[in-house]
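Here is how the chains run, residue by residue.
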Amino acid sequence: MSAETDRAEIIELFGRYADIADLKEFTALPRLVHTDPLTIDFESVTGMPPMTVSLSEYGAALRGSFGAFTATHHAITGHVVTIDGDRATIHAHVRAEHWLPKEVTGDGPDRWLVVGFYDNEAVRTADGWRLSSVKLTAAHQENAHLASAAAAGQGR
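Just so it is clear, the model here is predicted, and its values are computed rather than measured.

(A) Representation of the nonpolar core within the structure. Of all hydrophobic cores here, the largest spans 39 residues; its most connected members are Tyr 17, Tyr 58, Ile 76, Ile 90, Leu 100, Tyr 118 and Leu 131. It is helix α1 (residues 3-22) that contributes the most residues to this core, seven residues altogether. If sequence neighbours within four positions are ignored, Tyr 17 has contacts with Val 33, His 34, Phe 42, Tyr 58, Ile 76, Tyr 118, Leu 131 and Val 134.

This is how it looks when you write it as structure tokens:
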């Protein structure tokens, strides 16, 4: 494979990664995006320390975290990809918006905004590139309390 092809495939992983939440496709897409197991670090948003989880645990967590939102939109841009053989690191910017139904938010704000960076790792597998580690660093949030409402299983 050429460096350009590898870079394109790795960037495409981010599109699929965003689609997991944005399309609420928590079963098939994670297998096309991640290794099993994978390391996740959302501490800057959730307060939970980094952890290594199985793909099935991750899918269930995503379903619980994103299922209540009526819509989400993850715009991931500015990819800086460094490839070293069958391993890669990727730094990218993210703007993630998450909307809850009015039944949950009432007259309050209905959108949780997260702006920040991903610092991920990928590995080449027999099935192509897969993300083995995902780290989100939030630089700014608005209405972060809505994440708790969604995680509590409120909404749809």
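After that view of the structure, there is still more to cover.
(B) Molecular detail of the side chain of His 79. Within the element layout of this structure, His 79 appears in strand β3 (residues 71-84). If sequence neighbours within four positions are ignored, His 79 has contacts with Arg 7, Ile 11, Phe 14, Ile 90, His 91 and Ala 92.

(C) Summary view of the pattern of salt bridges. Across all of its chains, the model carries six salt bridges by this definition. Arg 16 is paired through a salt bridge with Glu 12; the nearest N and O atoms lie 2.8 Å apart. Placement of both Arg 16 and Glu 12 in helix α1 is noted, with a separation of four residues, approximately one turn of the helix. Under the relative-accessibility criterion, Arg 16 is labelled partly exposed at 26%. Ionic pairing is found between Arg 111 and Glu 142, a salt bridge with its closest N-O pair at 3.0 Å. Of this pair, Arg 111 sits in strand β5 (residues 111-125) while Glu 142 sits in strand β6 (residues 128-142), and the two are 31 residues apart along the sequence. With relative accessibility at 30%, the residue Glu 142 sits in the partly exposed group.

(D) Expanded view of the packing of aromatic side chains. Under the counting rule described, the total for this entry stands at four aromatic pairs. Between the aromatic rings of Phe 66 and Phe 69, the centroid separation amounts to 6.3 Å while the plane-to-plane angle is 50°, which identifies the pairing as tilted. Its relative accessible area of 1% is what places Phe 69 among the buried residues. Through successive ring pairs, a cluster of aromatic residues spans Phe 14, Tyr 17 and Tyr 118.

(E) Just the environment of Leu 131, in detail. Tracing the backbone through its elements, the reader meets Leu 131 in strand β6. Given the relative accessible area of 0%, Leu 131 is considered buried. Spatially, the C-alpha atoms of Leu 131 and Pro 30 are 9.6 Å apart, while their sequence positions differ by 101 residues. Those residues in contact with Leu 131 that sit more than four places away from it in its chain are Leu 13, Tyr 17, Val 33, His 34, Thr 35, Leu 38, Ile 90, Asn 120, Glu 121 and Ala 122.

(F) Layout of the sheet that holds β6. Pairing is mixed across the open sheet formed by six strands, whose spatial order is β2-β1-β6-β5-β4-β3. Single-partner strands in this sheet number two, and they are β2 (51-53) and β3. Mean inter-strand twist for the sheet, computed between neighbouring axes without regard to direction, equals 20°. Bridge count for strand β1 (residues 34-41) against β2 is three bridges, and the pairing is antiparallel. Note on β2: the bridge partner recorded for Ile 40 is Met 51. The sheet strands contacting α1 are β1, β3, β4 (87-99), β5 and β6, and the helix crosses β3 at an angle near 155°. Sheet strands touched by helix α4 (residues 55-66): β1, β2, β3 and β4. Its angle to β1, the strand with the most contacts, is close to 50°.

About the cut-offs
Residues numbered from 1 in each chain as written. Predicted model: local features only at pLDDT ≥ 70, side-chain atom pairs only at ≥ 80, totals over all residues. Heavy atoms only, no water. Core = buried A, V, L, I, M, F, W, Y, C linked by side-chain atoms within 4.5 Å. Buried < 20%, exposed > 50% of the residue type's maximum accessible area, 1.4 Å probe, protein only. Helix = DSSP H or I, 4+ residues; strand = E, 2+ residues; numbered from the N terminus. Contact = heavy atoms within 4.5 Å. Salt bridge = Lys/Arg side-chain N within 4 Å of Asp/Glu carboxyl O. Phe/Tyr/Trp six-rings, centres within 6.5 Å; stacked < 30°, edge-to-face > 60°. Pairing = 2+ DSSP bridges. Axes fitted to C-alpha atoms, helices over the stretch in contact; angles between N-to-C directions.

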